[in-house]
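If you want the building blocks of each chain, they are given just below.
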Amino acid sequence: ADGSAKQVLKTDGSGNLDCVTSSGLYSQWSVVTADGTTASNGDQIICNHASTAFTVTLPSSPSTGDTVTFKNVGAASITIGRNSEKINSATADGTLLEGGAVQLVYVDSTIGWTTL
């Protein structure tokens, strides 16, 4: 059988193959143009607005290794809402200026999200 949509082929190292739903894969890029988006683990988000700043919120209750990627292609600045977790050990939201990009990876409750 060839599996279902969004499944991958897995081997147990002994020649046995199986189709499984994989975790840890990135999502397809999405375009966000206004407030109201809360990211999920693996999201890749293009922020695009010519004049109005808006906020995109990081996932709540993240797990170690969760990741979200942002790129701002609009002229307005973007606030990355921390959703009660720290960003680079600070209790402040992030700002993504025009042309900026960042990948955030969740480390732990002390560091929170770290920028790459």
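Everything here concerns the structure above.
For every chain, the first residue of the written sequence is number 1, and numbering continues from 1 along that sequence. Two thresholds apply to this predicted model, a pLDDT of at least 70 for residue-level local features and 80 or more for giving and counting side-chain atom pairs, whereas whole-chain, interface and lining totals are computed over all residues. In computing side-chain values, all of the structure's heavy atoms are included and hydrogens and water are not.

**Observations concerning the side chain of Glu85**
- Think of it this way: any DSSP run of H or I at least four residues long counts as a helix, any run of E at least two long counts as a strand, and we number them from the N terminus. Here Glu85 lies in the loop between strand S8 (78-81) and strand S9 (94-96).
- By the criterion applied in these results, polar contacts are pairs of N or O atoms within 3.5 Å in which, for protein atoms, one can donate a hydrogen and the other can accept it, and in which residues neighboring in sequence qualify only through two side-chain atoms. Among the polar contacts made by the side chain of Glu85, one reaches the side chain of Tyr106 at a distance of 3.0 Å.

**A word on the side chain of Thr67**
- Within the element layout of this structure, Thr67 appears in strand S7 (residues 67-72).
- For every residue, the accessible area (1.4 Å probe, protein chains only) is compared with the maximum for its type, and the residue is labelled buried under 20%, exposed over 50%, or partly exposed between those bounds. Taking the relative accessible area as the measure of exposure, Thr67 reaches 9% and is therefore buried.
- Residues count as neighbours in contact if any of their non-hydrogen atoms are within 4.5 Å of one another. Excluding its chain neighbours within four sequence positions, the residues that come into contact with Thr67 are Tyr26, Ser40, Asn41, Gly42, Asp43, Gln103, Leu104, Val105 and Trp113.

**Section: the nonpolar core**
- We call a set of buried Ala, Val, Leu, Ile, Met, Phe, Trp, Tyr and Cys residues a nonpolar core when their side-chain atoms join them within 4.5 Å. Residues Ile45, Val56, Leu58, Phe70 and Leu104 are the most contacted members of the largest nonpolar core, which totals 17 residues.
- Taken together, the elements giving at least two residues each to this core come down to strand S5 (44-47), strand S6 (54-57), S7, S8 and strand S10 (101-108).
- If you tally residues by element for this core, the top one is S10, at three residues.
- Apart from the residues lying within four places of it in its own chain, the contact partners of Phe70 are Ile45, Cys47, Val56, Leu58, Ile80, Leu96, Gly100, Ala101, Val102 and Leu104.

**What to know about unusual backbone geometry**
- With a phi close to 55°, Asn83 is a non-glycine residue in the positive phi region.
- Along the chain, Asn83 falls in the loop between S8 and S9.
- Here Asn83 falls in the partly exposed class, since its relative accessible area comes to 28%.
- Within the chain, Asn88 stands out as a residue other than glycine whose phi angle is a positive 50°.
- Residue position: Asn88 is located in the loop between S8 and S9.
- The class of Asn88 is partly exposed, set by a relative accessible area of 38%.

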